[in-house]
Amino acid sequence: MAVDSSMSVLVVDDYKTMIRIIRNLLKQIGFEDVDEAADGSEALGKMREKRYGLVISDWNMEPMTGYELLKEVRGDERLQKTPFIMVTAESKTENVIAAKKAGVNNYIVKPFNAQTLKSKIDAVFGD
Amino acid sequence: MPKARRDTYNDILGHLRTRDDAEPSLGDVVALAQIAAESMQRFIESMDAAVNSELRDIADYIVTMKQEIGVFQANDIKDSRIPAAGQELDAVVRSTEEATNSIMECAEEILAADTSDPQAYQALVTDKVMQIFEACSFQDLTGQRVSKVVETLQTIEKRVARLVDAINAKDVEGVLTRADAERVRRKEELMLNGPQLQGGGNDQMSVDALFSKPVPDAS
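In what follows, the accompanying structure is described. Remember, predicted model here, so these are calculated numbers, not experimental data. All residue numbers refer to position in the chain's written sequence, counted from 1. Think of it this way: whatever chain is written first is A, whatever ligand is written first is 1, and the rest follow in order. Totals for whole chains, interfaces and linings use every residue, but because this is a predicted model, local features are given only for residues with pLDDT of at least 70 and side-chain atom pairs only at 80 or more, for both listing and counting.

Time to look at the overall build of chain A. By the criteria applied, helices consist of DSSP H or I runs no shorter than four residues and strands consist of E runs no shorter than two, each listed in order from the N terminus. A tally of regular secondary structure across chain A gives five helices and five strands. If you list the helices and strands of chain A from N to C, you get β-α-β-α-β-α-β-α-β-α. Only C-alpha atoms enter the radius of gyration, while the globule expectation follows 2.2 Å times N to the 0.38, with N the number of residues. Relative to the 2.2 N^0.38 estimate, which gives 14 Å for 127 residues, the radius of gyration of chain A is 13 Å and therefore close to what a compact globule would have. In terms of overall dimensions, chain A has a C-alpha envelope of 30 × 30 × 30 Å along the principal axes. Exposed residues have 12 or fewer other C-beta atoms within 10 Å of their own C-beta, buried residues have 20 or more, and partly exposed residues fall in between, where C-beta atoms are placed from the backbone. Every one of the 127 residues in chain A was classed for burial, and the buried ones make up 40%. Contacts here follow a simple rule: the backbone-placed C-beta atoms of the two residues must lie within 7 Å. Of all intrachain contacts in chain A linking residues separated by at least 6 positions in sequence, the fraction that spans at least 24 positions is 62%.

What follows is the structure, encoded as structure tokens:
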């Protein structure tokens, strides 16, 4: 599965600046169709209305965390195949293992650079 | 049996042993009552001394505690230091956010700039880079603000440590409110650990290594 830069990407983060950074980085990589959500529940609502090719989510958000969103997505028959990358400051081993068990496709630790984001997106799509 | 009460019984017993007739007279009853009253007096006096000593200790402890609580300056911490530290941290958040936005706006303008006119493009890039330099000056101010907060925390830490030592404080369990307990439970369950200090978490390379291993069995 190659990266299709025309696909819609949903960026989920409660910090506006981080959404702006990721949006800019995605734009540089070639993604133009980028939507945003401020927490897991808002993201879930958007995912049920629109098909996204990739979700990039923070972990620590209220009221629904990125980890809860991941589990909801993987438990939803219609959404469960959506590629999901966690981008977070949660860098403890228990977080990484829990996310992997819950079915995350890749895991990026903040702060990160454009190259890391690109390489993880490529890895998710098998490029 | 306390000594005072034992003395009372001994006194009464001694008095009865001096008598050889069976019927007690009124004088005997009065004498016995007198012995009992004198003995009780000694008992009460010895109790008074013990209670007095205890009360003196408690009073000394209360005076020491009052002095230590005075030295702790709780009102200074509550009314001045903690609100000031909160304001400093708010200012840090605001200034970093403003600086980040300024820097990102400059970068976005550079990325979106028309490159067909090299001279105009160079002028724009120079102008935006200068604005980025200016925005970076926030670091000096935030450094000073954070230093003030650290100083406040150190002051509070010293005062708390002194108070804990002075009153030999012991932590009591079960003092969390239901909301606090729920917050703690949620943090643990959802692994909301937050950013780690250097060496406390995994860097990207370690995360990648963890990610490449098979998921450990839940059991």
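A word on the nonpolar core. Soluble globular proteins: nonpolar side chains tend toward being buried together. All names here are of chain A. The biggest cluster of nonpolar side chains holds 35 residues, and the ones touching the most others in it are V9, L10, V55, I56 and M86. Top contributing element to this core by residue count: helix 1 (residues 16-29), with five residues. For M86, the residues in contact, after removing those within four places along its chain, are S57, W59, G66, A99, V104, Y107 and I108. The nonpolar core criterion groups buried Ala, Val, Leu, Ile, Met, Phe, Trp, Tyr and Cys residues into a set whenever they are joined through C-beta atoms within 7 Å.

Taken together, the 21 residues of chain B in the interface contact 23 residues of chain A. Sorting the residues of the side of chain B that touches chain A by element identifies helix 3 (74-112) and helix 7 (204-212) of chain B as the ones contributing at least two each. Sort the elements by how many residues they give to the side of chain B that touches chain A and helix 3 of chain B lands first, with five residues.

On to the sheet that holds strand 1 (residues 9-12) of chain A. All names here are of chain A. Here five strands make up an open sheet; going across it, the order is 2-1-3-4-5 and the pairing parallel. The strands lining the two open edges of the sheet, one partner per strand, are strand 2 (34-37) and strand 5 (106-109). With direction set aside, neighbouring strand axes in the sheet form an average angle of 20 degrees. Bridge count between strand 4 (residues 84-88) and strand 5: four bridges; the pairing is parallel. In the sheet register, V87 faces strand 5, and the bridge partner there is I108. Helix axes use the C-alpha atoms of the stretch in contact, all axes being lines fitted to C-alpha atoms, and the angles between their N-to-C directions lie in the range 0 to 180 degrees. Sitting on the sheet, helix 5 (residues 114-124) touches strand 4 and strand 5, and the angle it makes with strand 5 is about 175 degrees. Two strands form a pair only when DSSP identifies at least two bridges running between them.

Right, let's talk about unusual backbone geometry for a bit. For the bond from E62 of chain A to P63 of chain A, the omega torsion is 0 degrees, close enough to zero to count as cis. Topologically, P63 of chain A is positioned in the loop between strand 3 (54-57) and helix 3 (66-74). A cis geometry characterises the amide bond from K110 of chain A onward to P111 of chain A, with omega recorded as -5 degrees. Position of P111 of chain A among the secondary structure elements: in the loop between strand 5 and helix 5. At N168 of chain B, a residue that is not glycine, the phi angle is positive and equals roughly 50 degrees. Its identity is not glycine, yet M191 of chain B carries a phi of approximately 55 degrees, on the positive side. Inspection of the secondary structure assignment puts M191 of chain B in the loop between helix 6 (178-189) and helix 7.

Attention now moves to the environment of F133 of chain B. Tracing the backbone through its elements, the reader meets F133 of chain B in helix 4 (residues 118-135). For the pair formed by F133 of chain B and I103 of chain B, sequence separation is 30 residues and the distance between their alpha carbons is 8.6 Å.

Right, let's get into the packing of helix 2 (residues 40-49) of chain A against helix 3 of chain A. All names here are of chain A. Between helix 2 and helix 3, whose axes approach to 9 Å, the crossing angle comes to 30 degrees. In terms of orientation, helix 2 and helix 3 fall into the roughly parallel class. Crossing hand, helix 2 versus helix 3: right-handed. Residues G40, A43, L44 and M47 of helix 2 touch helix 3, and the partners they reach there are G66, E68, L69, E72 and V73. Polar here means any residue other than Ala, Val, Leu, Ile, Met, Phe, Trp, Tyr, Cys and Pro, which are nonpolar, and Asp, Glu, Lys and Arg, which are charged; Gly is therefore polar. Residue composition of the contact of helix 2 with helix 3, by class: five nonpolar, two polar and two charged. Roughly parallel means an angle under 35 degrees; roughly antiparallel means over 145; roughly perpendicular covers 65 to 115; every other angle is labelled oblique. Crossing handedness: left-handed means the near helix sits turned counterclockwise from the far one by under a right angle, and right-handed means the same turn made clockwise.

This brings us to the packing of helix 3 of chain B against helix 4 of chain B. Residues and elements named next belong to chain B. Contact geometry for helix 3 and helix 4: axes closest at 9 Å, N-to-C directions at 165 degrees. Relative to helix 4, the element helix 3 is oriented roughly antiparallel. Every pair of crossing elements has a handedness; the one defined by helix 3 and helix 4 is left-handed. Contact residues: A99, S102, I103, C106, E109 and I110 in helix 3; V125, K128, Q131, I132 and A135 in helix 4. Across the contact of helix 3 with helix 4, the residue classes tally to seven nonpolar, two polar and two charged.

Here we come to the environment of L117 of chain A. Residues and elements named next belong to chain A. Mapped onto the fold, L117 is located in helix 5. Along the backbone, L117 and E32 are 85 residues apart, and their C-alpha atoms lie at a distance of 15 Å. The contacts of L117, once residues within four sequence positions are left out, are L25, I108 and F112.

Function cannot be inferred from these measures alone, as they are strictly geometric.
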